[in-house]
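The chain contents come next:
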Amino acid sequence: MEKMLVGCFLLLLGHTLLLPAEARQWPRARSVSRGRHSRTHPQTALLESSCENKRADLVFIIDSSRSVNAHDYAKVKEFLVDILQFLDIGPDVTRVGLLQYGSTVKREFSLKTFKRRSEVERAVARMRHLSTGTMTGLAIQYALNIAFSEAEGARPLREHVPRVIMIVTDGRPQDSVAEVAAKARDTGILIFAIGVGQVDLNTLKAIGSEPHEDHVFLVANFSQMESLISVFQNKLCMAHMCSLLEHNCAHFCINTPGSYVCRCKQGYILNADQTTCRIQDLCAAEDHGCEQLCVNLLGSFVCQCYSGYALAEDGKRCVAVDYCASGNHGCEHECVNTEEGYYCRCRPGFRLGPDGKTCSRVDHCAEQAHGCEQLCLNTDTSFLCQCSEGFVINEDLKTCSRADYCLLSDHGCEHSCVNTDRSFACRCPEGHALRSDGKTCAKLDACALGGHGCEHSCVSSGDSFVCECMEGYLLREDGKTCRRKDVCQAVDHGCEHMCVNSGESYSCRCLEGFRLAEDGKRCRRKDICRSAHHGCEHICVPRGDSYVCKCSEGFILAEDGRRCKRCSEGPIDLVFVIDGSKSLGEDNFEIVKQFVTGIIDSLVVSPKAARVGLLQYSTQVRPEFALSSFGSARDMKKAVATMKYMGKGSMTGLALRHMFERSFTPAEGARPLSARVPRVAIVFTDGRAQDDVAEWAGKAKANGITVYAVGVGKAIEEELQEIASKPTDRHLFYAEDFSTMGEISEKLKQGICEALEASDGSQDSPAGELPKRGHQPTESEPVTINIQDLLSCSNFAVQHRYLFEEDSLSRSAQKLFHSTNPSGSPLEDKPDECKCENLLMFQNLANEEVRKLTQRLEEMTQRMEALENRLRYR
């Protein structure tokens, strides 16, 4: 009754407010200039007064796809400004936010951005057409997850401030909208859906709130949107009965013009009292088709079966459970199914144990007086007697007699037959031997009598014998022993190292560390790095018949593929921004971790040199470690190895925002801008971002952060270009798959090292002044050492040790060339400093000469060894 009285009162008040202007004196409507002729809509004065002090959180979602032309886009902006005229905009009354969407979602402003209507109108005027796809579902998802969050300005649900979405679209969505719109409505968001032109009405109904006649609107073109101003005026400004009355709705209260209705969650239906809800009995309402039992679930049902039956694959029929087929019965011999379960059964000759599962053999011999003289053997149902080896069973089948195999069988022995335990054997008289047939006898020859002394074989010859040797051997002078034929001594084998006899032939072998060449005679050293002048500055790695050069940790390979250069030990603040979305996959995530470890290996990690941080992102951003977390590469790589894969969405823009606003702050370990330490971010992604990346990437680059963009697979080139610093050919890397990640890693190392080298000069020189570059002597020019420079070094002992560290030579030479004036003499600006640069340059040139001499000596040594081997085996 209370709801009906208040509803009638508001309806009467509405009719009173719509009386002609002569009948009542209204405050004059505020005029708003928008660069066109001002239009006065009917009931304008009513609009401004009726929404006064109205509390609401309103988010506009505008279709900015390519199907909306420039003229229609301007009409949409006019419609928005007209709607704003009757809203009481302010932090404590109506808050307004706006989203545009195409292929992605762009937030124009949030609920907390503006506090006055004029500010919102200017923001609407500045909107730019996206002109891309139509991802309507993505836009609603963004509003649900982000736009209506308290962080974006939405008031808490406990304050019962109405949350409203007004969405304008002119085409069919390219993604699913029904499920995400239902989720939004279930959280209490009221959705008005406005369709323009050839929009599917069912799609609008899937988006808008119920009843659809109050929340879903379809107009023929954008010009007709003006006709909806007064409609929304009434709907947005009308009092929300759900917030004014004790509605007692069990699940949801939905405002309607002048009243309200109760709604239930999915899977429930409204009771007759129109306020409480009950689970919907789909089993009773539908032809469920279940063979035995139907069980209701929220919004659905499932079929179940009686005990002893299991549900078939179609989810409806029931089949008897084969308990024995499950393999869990534990029966030792046989399993037998019953209606309620199963039981175990034993094979004949066995009985079931007390546990009802195991079987034991029935021992008939032990349970009965068998009477066997020697052995009793159990059978399945009884027993039988057997005799021991060498005995046979008698006719009584119990007693035994010794077996006479010679008597029982036709043994065929030429001389005599002897019984054994199991059979018989033939024997020959003395001076004879049993032939191979095991029956007849032959007179023994000289070889058979033994004592002939032949090493290999004895051949009888009348009453005597001769010794013979196996193939490949020769009989020695003693006529008994044998020696191998030495083919290597008999022929000109031509083997470079060794000749090895092989039967009547030979083969060539090589010494350890060498391998046989294709001609089968000459030998080549196995380690091509030792046998050739490879020219690698650090490490030579054999690869088949060739080799490749590699560098020690902390160095990278120079452009000539042989020399190594150290990545400068100068300071750098580096932050990785790693995509951990589900499209990447766990296996590829491990490759990305190896990629990060490779970059870390090229740096000198310490609090004074390189500081490294890492963010992983998917739907949210998770800092793995900050710039100040680790002071050594070992601890840092251990943290990378234990990093867990997130595997959800891909909010790249949100990650860029976190990187810009937090990662490069002193609290996270970043050095101040006054220190002029390079700030570098490496952003890795494998697909399209679900939010806008341009804004925060642009802010990062504008604030001095160098951004490298690495994309793999489905990464979008336009997004990578928006992320990467200029020029993009040096800061953007793309690969179709993860097989070329190694090449990208080397290019990135090169780029970071070049940035460090450039920063070294900017830090050593005064602000705004480059270091003077003096004359650089060539390799052939003589260099004179100033002895005074040498004597002026108070720490000469330490400096002398430093001179012979190979990894410092190239850096020392570079510093020497950069510290001389144009005339070639040492700089004299600071006479108190130690001047050892000329000594460093001299040491570099001397080291180069020593290296060349060492290579020549090694080549001469190899030639001498080969010559000695050749002479030794000829």
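Residues numbered from 1 in each chain as written. Predicted model: local features only at pLDDT ≥ 70, side-chain atom pairs only at ≥ 80, totals over all residues. Heavy atoms only, no water.

A.B. asks: Describe the overall build of the protein, listing the residues and the values that go with them.
C.D. replies: In terms of helices and strands, the protein carries 26 helices and 44 strands. Looking at the protein as a whole, 39% of its 874 residues qualify as buried. The contacts of the protein with a sequence gap of at least 6 include a subset with a gap of at least 24, amounting to 55%. Carbon and sulfur atoms make up 51% of the accessible area of the protein, which totals about 49400 Å². (Helix = DSSP H or I, 4+ residues; strand = E, 2+ residues; numbered from the N terminus. Buried < 20%, exposed > 50% of the residue type's maximum accessible area, 1.4 Å probe, protein only. Contact = heavy atoms within 4.5 Å. Areas by Shrake-Rupley, 256 points an atom, 1.4 Å probe, with all protein chains shown as cover.)

A.B. asks: Tell me about the sheet that holds strand β4 (residues 163–169), and please be specific about residues and values.
C.D. replies: Read from one edge to the other, the open sheet built from six strands follows the order β3-β2-β1-β4-β5-β6, with strand pairing classed as mixed. The open sheet terminates on both sides in strands that have one partner only, identified here as β3 (105–109) and β6 (216–219). Averaged over all neighbouring strand pairs, the angle between strand axes comes to 20°, with direction disregarded. Summarising the sheet, β4 and strand β5 (residues 189–196) pair through seven bridges and their orientation is parallel. (Pairing = 2+ DSSP bridges. Axes fitted to C-alpha atoms, helices over the stretch in contact; angles between N-to-C directions.)

A.B. asks: Let's hear about the packing of aromatic side chains: which residues, and what values?
C.D. replies: Enumeration according to the criterion identifies nine aromatic pairs in this entry. When the centroid spacing of 5.2 Å and the interplanar angle of 35° are considered together, the rings of Phe589 and Tyr645 count as tilted. Here Tyr645 lies in the loop between α17 (633–641) and α18 (652–663) and Phe589 lies in helix α16 (residues 586–601), a separation of 56 residues in the sequence. Through a chain of ring-to-ring contacts, three or more aromatic side chains come together here, namely Phe79, Phe192, Phe217 and Phe232. The aromatic ring of Phe350 is capped on one face by Arg347, whose charged end is 5.9 Å from the ring centroid. Just above the ring of Trp696 sits the side chain of Lys699; from NZ or CZ to the centre is 4.0 Å. (Phe/Tyr/Trp six-rings, centres within 6.5 Å; stacked < 30°, edge-to-face > 60°. Lys NZ or Arg CZ within 6 Å of the ring centre and 35° of its normal.)

A.B. asks: Go over the state of the cysteines with me, naming the residues and quoting the values.
C.D. replies: Tallied over the full model, the rule gives 21 disulfides. Covalent S-S linkage joins Cys428 and Cys441, the inter-sulfur distance amounting to 1.9 Å. Taking the sign of the torsion about the S-S bond as the criterion, the disulfide between Cys428 and Cys441, at about -90°, is left-handed. In this pair, Cys428 is assigned in the loop between β24 (424–427) and β25 (432–434) and Cys441 in strand β26 (residues 441–443), connecting sequence segments 13 residues apart. With a sulfur-sulfur separation of 2.0 Å, Cys510 is cross-linked through a disulfide to Cys523. On the sign convention where negative means left-handed, the S-S torsion of about -90° between Cys510 and Cys523 marks this disulfide as left-handed. Residue Cys510 is located in the loop between β32 (505–509) and β33 (514–516), and its partner Cys523 is located in strand β34 (residues 523–525); the two are separated by 13 residues in the primary sequence. When sorted by exposure, Cys510 lands in the same class as Cys523, which is buried. (Disulfide = S-S within 2.5 Å.)

A.B. asks: Residues and numbers for the packing of helix α3 (residues 70–84) against helix α9 (residues 229–237), please.
C.D. replies: Contact pair α3 / α9: the axes reach a minimum separation of 10 Å and the direction vectors enclose 40°. Overall, the two elements α3 and α9 adopt an arrangement that is oblique. Here the hand of the crossing between α3 and α9 comes out right-handed. Across the interface between the two elements, Phe79, Asp82 and Ile83 of α3 pack against Ile229, Phe232 and Leu236 of α9. A class-by-class count of the residues in the contact of α3 with α9 yields five nonpolar, no polar and one charged. (Parallel < 35°, antiparallel > 145°, perpendicular 65-115°, else oblique. Left-handed = near helix turned anticlockwise from the far one by under 90°. Nonpolar A, V, L, I, M, F, W, Y, C, P; charged D, E, K, R; others polar.)

A.B. asks: Explain the confidence of the model for the protein to me, and be specific about the residues and the numbers.
C.D. replies: The share of residues in the protein with pLDDT of 70 or more is 81%, and the mean pLDDT across the chain is 79. In the predicted structure, residues 761–838 sits below a pLDDT of 50 and forms 82 contacts with residues beyond four places in sequence or in another chain. (pLDDT = per-residue confidence, 0-100.)

A.B. asks: Residue-level account of the pattern of salt bridges, with values.
C.D. replies: On inspection of all chains with the given rule, the structure shows 18 salt bridges. One salt bridge in this structure joins Lys699 and Glu695, with 3.4 Å as the shortest N-O distance. Highlighted residues: Lys699 and Glu695, both in helix α19 (residues 694–702), separated by four residues, approximately one helical turn. In this structure Glu695 comes out as partly exposed when scored by relative accessible area, which is 35%. (Salt bridge = Lys/Arg side-chain N within 4 Å of Asp/Glu carboxyl O.)

A.B. asks: Help me get a handle on the nonpolar core, residues and values and all.
C.D. replies: Within the largest apolar cluster, 39 residues are counted, with the highest numbers of intra-cluster contacts made by Phe60, Phe79, Leu87 and Phe232. Only β1 (56–63), α3, β2 (94–101), α4 (117–125), β4, β5, β6 and α9 provide two or more residues apiece to this core. Among the elements that line this core, the one with the most residues is α3, at seven residues. Non-local contacts of Phe232, meaning those with residues more than four positions away in its chain, are made with Phe79, Ile83, Phe86, Met166, Phe192, Ile194, Phe217 and Cys237. Ranked by size, the runner-up nonpolar core spans 35 residues in total, among them Phe595, Ala610, Val640 and Ile752. (Core = buried A, V, L, I, M, F, W, Y, C linked by side-chain atoms within 4.5 Å.)

A.B. asks: Hey, could you go over the packing of helix α5 (residues 136–147) against helix α6 (residues 178–186) for me, with residue numbers and the actual values?
C.D. replies: Look at α5 against α6: their axes get within 9 Å of each other, and the N-to-C directions meet at 25°. Judged by the inter-axis angle, α5 sits roughly parallel to α6. Between α5 and α6 lies a crossing of left-handed hand. Within the contact between the two elements, α5 uses Gly137, Ile140, Gln141 and Leu144 and α6 uses Val180, Ala181, Lys183 and Ala184. Its residues placed into classes, the contact of α5 with α6 shows five nonpolar, two polar and one charged.

A.B. asks: Outline empty space enclosed by the protein, listing residues and values.
C.D. replies: Tallied over the full model, the rule gives six cavities of 30 Å³ or more. Computed from the structure, the second largest cavity encloses a volume of approximately 80 Å³. Among the residues making up the lining of the second largest cavity, the classes are represented as eight nonpolar, two polar and two charged. (1 Å grid on protein atoms, 1.4 Å probe; cavity = no way out; pocket = protein on both sides within 12 Å on 5 of 7 lines; lining within 4 Å. Points joined across faces, edges and corners; volume = space filled by probe spheres on them.)

A.B. asks: Describe the environment of Thr381, naming the residues involved and giving the relevant values.
C.D. replies: Structurally, Thr381 can be placed in the loop between β19 (375–378) and β20 (383–386). Its relative accessible area of 67% is what places Thr381 among the exposed residues. Each C-alpha atom, one on Thr381 and one on Pro348, is 7.1 Å from the other, the two residues being 33 residues apart in sequence.

A.B. asks: Tell me what's going on with the sheet that holds strand β40 (residues 610–617), and back it up with residues and numbers.
C.D. replies: Within the open sheet, the six strands sit side by side as β41-β40-β39-β42-β43-β44. Their pairing is mixed. The open sheet has two edge strands, β41 (621–625) and β44 (732–735), and neither has a second partner. Ignoring strand direction, the axes of neighbouring strands in this sheet form an average angle of 20°. Sheet topology places strand β39 (residues 572–579) next to β40; eight bridges connect them, and they run parallel. Along β40, the bridge assignment pairs Asp579 with Tyr617. Its contacts with the sheet put α18 on β39, β40, β41, β42 (679–685) and β43 (705–712), and the angle it makes with β40 is roughly 150°.

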